[in-house]
Amino acid sequence: MAHSKNRATDGKITYPPGVKEISDKISKEEMVRRLKMVVKTFMDMDQDSEEEKELYLNLALHLASDFFLKHPDKDVRLLVACCLADIFRIYAPEAPYTSPDKLKDIFMFITRQLKGLEDTKSAQFNRYFYLLENIAWVKSYNICFELEDSNEIFTQLYRTLFQVINNGHNQKVHMHMVDLMSSIVCEGDSVSQELLDTVLVNLVPAHKNLNKQAYDLAKALLKRTAQAIEPYITNFFNQVLMLGKTSVSDLSEHVFDLILELYNIDSHLLLSVLPQLEFKLKSNDNDERLQVVKLLAKMFGAKDSELASQNKPLWQCYLGRFNDIHVPIRLECVKFASHCLMNHPDLAKDLTEYLKVRSHDPEEAIRHDVIVSIVTASKKDLSLVNDHLLNFVRERTLDKRWRVRKEAMMGLAQIYKKYSLQAEAGKEANSIDDRLLVERIFAQYMVPHNLETTERMKCLYYLYATLDSNAVKALNEMWKCQNMLRHHVKDLLDLVKQPKHSANVWGLLAFFFSGNLPDPGKAQDFVKKLAQVLEEDEKIRKQLETLVSPSCSCKQAEVCVKDITKKLGSPKQPSNPFLEMVKFLLERIAPVHIDTESISALIKQVNKSIEGTADDEDEGVPTEQAIRAGLELLKVLSFTHPVSFHSAETFESLLGCLKMDDEKVAEAALQIFKNTGSKLEESFPHIKSVLLPVLQHKAKKGPPRQAKFAIRCIHAMFSNRDTHFAQIFEPLHKSLDTENMEQLITPLTTLGHLAMLAPEQFAGPLKSLVANFIVKDLLMNDRIPGKKTTKLWVPDDEVSPETLAKIQGIKLMVRWLLGVKNNQSKSGNSTLRMLTAILNSDGDLTEQGRLGKPDMSRLRLAAGCAVLRLAQEPCYHEIITLEQYQLCALVINDECYQVRQAFAQKLHKGLCRLRLPLEYLAVFALCAKDPVKERRAHARQCLVKNINLRREYLKQHAAVSEKLISLLPEYVVPYAIHLLAHDPDYVKILMAKNENNSHAFIRKMVENIKQTKDGQSPDDAKINEKLYTVCDVAMNIVISKSTTYSLESPKDPVLPARYFTQPDKVGEPNTFWDRPPGTILNMMTESQEIALQDNGLSAFSPKAANVLGAVNKPLSATGKLQTKLSRMETISNASSNSNPSSPGRSKGRCVGTTI
């Protein structure tokens, strides 16, 4: 080494071979080139190369000069840093630099270069990684332990590494950083508070969320160095928690967050800290106790925590806080209980006694949260809570505060629903007794009717806002049923006044009452006895008339109920079944919640939320949710209690809502005006004078939905509506222009509703408008190319204005036809041809390929729904050909999921209203092919609901037997068989309940069909073959599912003449498959394939094409195209046997499965 020192003192620098002198006299590029050669030389050297070490000693010293350490070029600095890192490796354990200041400068310089690790995409990243790897492997920074400024060096290094770490770094970078930092902690004499803060700050939630990678790095470092760093962590918490020296660190205010994070990382880091928390739980400072309680709640409640068993004194001390004098602390303890019960059932016994005390806490919020905690755990698993805890919930149903009672009752109901109403047990849960009980709970506990009006409406408002969708439906249905029952009572009162009563009318009334009162079997006796009482006692009759009057107030209702009950009651007969039945009736019809004063108070409450002055957040409801629910509530009540809205104050408030910028608020106000404003013109002329200009403006320039309701309002509310309609129609009709599609949507919406409501007033202009503007200018032209995308559907706000305008154009045509209600001008035929052309062309009517797939999906849906709307009008249903019906039916198998979903909903809605003919019920059979399980389940539900609804309707309307063929659900079978016979895929027919021996009726119907031929293609052998095949499958299902099919059919079925020819008079039935049932199903599979192949080619032949076979296309669950089949381009509207005019192209639909 003496020789080395001599070499160092003579100042001569030796460079590696091929490297010339490196000084400030050469260019930057040349300097970089020479330094790279130096780097290569040092990289190849090892510690045993003594001669080379001596040879390049002066070069090593030269590279540490200020010229290089402060060089402005980053590439030069990086290369020098790599050299210095290798120099420390080569000359270890003794570095060639002896000056402490120089060592500090060198390590601060290397630390600065490590910032280059941040950019992982940099061309120099590999060199930065080499630098990190080198100093981590050699532990170069350990040289600094002896320096006075070592803490500054280490702190700067740690800060740099935590700053540069990011998600672009791989595991190797992370590992080398941990190695480098852990060596400093484990091999050093101490860890300063400043260095500890540099690590711990990354655990603070704000920093953790800002840089997740820095958090992971700190976590890994603490795990690696747990034993070495634990004393310094303990010292830090001692200083802050015990001695109150918050100035020792900037992290003092985050001390509890740090304890939680450190406990989650490694509980051994806090072995000496946890006992200090027991001391803090007994602090005199409320806020400090609260912070510790929140911290320990998270630590004890964590899923894998063993703290309660490991530190029993701390657990017992924490339980004591359930009885803390400070309310927020007790509240926090109660909230913690649900997590503890769910994650640590073994602690339930310890919690029970404390929760018992808190369930009687003087604070309402604490009693409420006790219920929430127990119910939450119960809903997860009933075994998590013991009987004592459930009993606490039961006791709270009698709490003095409504909010607590509501939570307790709702909680018990939820637990009951989850664990009791399962499988068969839940089928009778919707009985009349259940509904009466729910209504009684609602009126007495959830929204107590004896509350002051403002408080009662506030209670109803926030309850409605917190209910889930099913509960809201139930509540709406409750009001509708009560309103219907009031009408039945009104009919009874009118009947009593008449001198003669028809026996049929009595029976009908008794039937209506039987579905709304307990013990339906005694309904007829009850109705007769009630009628007798009403005839004999005029006072009771008048009180009942007051009770069912739309203008009855809540206070009047209570008085009437008491008087009627008192009058009918008798002390001598304490048990009176008739009186009990009357009480049930009065409970259901008495308007104890809603009257004019209540509606006014409710609107004020909604306005408070809109203005931001309501205490929504205090009630636990977000303001936006409260407003939305409040508007929905008002809309429902405007249907069931329209007269209660008849006050100047209410209408003025609604007028204020109408002028608001919020579209949803204004739209709801319009709907409420439409439902309630029938007498506004004569009773509130000052409101009319202000309202009319607003409605006219909305109809002309408002959003489409507001324009729609504005027109309906004018139609429902004003007598001289023709004048008002003309003032709206003329300017809109003249201003129609396809150049600005966005400005076209509202006028088309308005004109469409005017066409439906006043078709005769605008007959001439409307016909010209439809023929010239809607069809020729709008629908037959694609002006703006659609976005090219593989998506089949986009959200509403992404649909192009042109497509929205075309949809409104289609709706306008349909509304015009629905208003005219006749087909004398053959406009119905033309419109149907247009709609089926849209369906034939997959929504691209012009077939120019300019429309995007989402636009085509929207147009297909609009066309399919338009056909459904027209089919609800008898004059148009008659002209819909079988091909058009089948093409419309196929929309339920569309390749786009959203189209299938929306079409099925429209279909279900039309069928439930008994407006769509029975054959459309058969369309649900095609849903068996839907690849999405939920869609198939929905179709089954719709089918069953429609079957039950029609049977119920037939029970209530015995006089409609002449319309049996259009109502009896069994008559859907021939339509379904015909539809499936024109479909290449096999679908099972859904079997309903065997009511009135319906299975024998279906068997007879199928036998009769097999005596006929297909009415659409009677001479097509292939079609008839498939028809008989479907009949055999249907027969096979009847035989396998029923034990009564062989009985005599109650009636001889009548087959629809359009679908089937007259039956053969001579000969045996067309039994195509005379084989065992299993063989039939196997042969069906073969016939499917043959039919699919045949139909795939049939569209190119001049023969009559099978429409379903031609357009039916397979679809995967995600809606992607699987195969292509030919399809007709247009279908003539002239006859049911029309041929396609030209071959067309097609895209996929659904493949078949079975319901």
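Our structure is the block above this text.
Just so it is clear, the structure is predicted and the values come from calculations on it, not from any experiment.

Calculation notes
Residues numbered from 1 in each chain as written. Predicted model: local features only at pLDDT ≥ 70, side-chain atom pairs only at ≥ 80, totals over all residues. Heavy atoms only, no water. Helix = DSSP H or I, 4+ residues; strand = E, 2+ residues; numbered from the N terminus. Buried < 20%, exposed > 50% of the residue type's maximum accessible area, 1.4 Å probe, protein only. Contact = heavy atoms within 4.5 Å. Areas by Shrake-Rupley, 256 points an atom, 1.4 Å probe, with all protein chains shown as cover. Patch = residues over 30% accessible without salt bridge, like charges linked within 9 Å, V, L, I, M, F, W, Y side chains within 5 Å. Salt bridge = Lys/Arg side-chain N within 4 Å of Asp/Glu carboxyl O. Core = buried A, V, L, I, M, F, W, Y, C linked by side-chain atoms within 4.5 Å. Axes fitted to C-alpha atoms, helices over the stretch in contact; angles between N-to-C directions. Parallel < 35°, antiparallel > 145°, perpendicular 65-115°, else oblique. Nonpolar A, V, L, I, M, F, W, Y, C, P; charged D, E, K, R; others polar.

Colleague: Quick question: what am I supposed to make of the overall build of the protein chain here?
Modeller: Summing up its helical and strand segments, the protein chain has 55 helices and two strands in all. Here the protein chain, with 1155 residues, has 53% of them falling under the buried criterion. Partitioning the intrachain contacts of the protein chain with sequence separation of at least 6 by distance along the chain shows that 73% fall at a separation of at least 24. Accessible area of the protein chain: about 53,500 Å², with a carbon and sulfur share of 51%.

Colleague: Sorry if this is basic, but what is going on with a nonpolar patch on the surface here?
Modeller: The grouping of Met242, Leu243 and Phe279 at the surface amounts to a nonpolar patch, some 310 Å² of accessible area in total. Within the fold, Leu243 resides in the loop between helix 14 (226–242) and helix 15 (255–265).

Colleague: Could you clarify how one ought to interpret the nonpolar core in this entry?
Modeller: Within soluble globular proteins, side chains that are nonpolar tend to cluster in buried spots. Counting 169 residues, the largest nonpolar core has Trp479, Phe673, Tyr920 and Phe924 as its most contacted members. Judged by nonpolar contacts, the second largest core, of 143 residues, contains Ala60, Val80, Ile87 and Phe236.

Colleague: For this particular structure, what's the right way to read unusual backbone geometry?
Modeller: Comment: phi is negative for the bulk of residues other than glycine, and the bulk of peptide bonds are trans. In this model, Glu847 sits at a positive phi of 55°, which is unusual for a non-glycine residue. Among the structural elements, Glu847 can be located in the loop between helix 44 (827–840) and helix 45 (853–871). A residue is classified by how much of its surface remains accessible, and Glu847, at 29% relative accessible area, is partly exposed. Phi is positive for Leu914, which is not a glycine, with a value near 60°. When you line up the elements, Leu914 lands in the loop between helix 48 (897–912) and helix 49 (933–956).

Colleague: Just to check I follow, could you spell out the packing of helix 43 (residues 801–820) against helix 45 for this structure?
Modeller: When two helices pack together, their arrangement is given by the angle between their axes and by how far apart the axes lie. Relative orientation of the contacting elements helix 43 and helix 45 amounts to 5°, with a least axis distance of 10 Å. Taken together, helix 43 and helix 45 sit at an angle that is classed as roughly parallel. Every residue of helix 45 that contacts helix 43 at Thr803, Lys806, Ile807, Ile810, Val814, Leu817 and Leu818 is listed here: Asp855, Arg858, Leu859, Ala862, Ala866, Arg869 and Leu870. The residue inventory of the contact of helix 43 with helix 45, partitioned by class, reads nine nonpolar, one polar and four charged.

Colleague: For this particular structure, what's the right way to read the environment of Ser267?
Modeller: Structurally, Ser267 is set in the loop between helix 15 and helix 16 (274–280). It is 10.0 Å that separates the C-alpha atoms of Ser267 and Glu306, two residues lying 39 residues apart in sequence.

That's the geometry; what it means functionally is another story.
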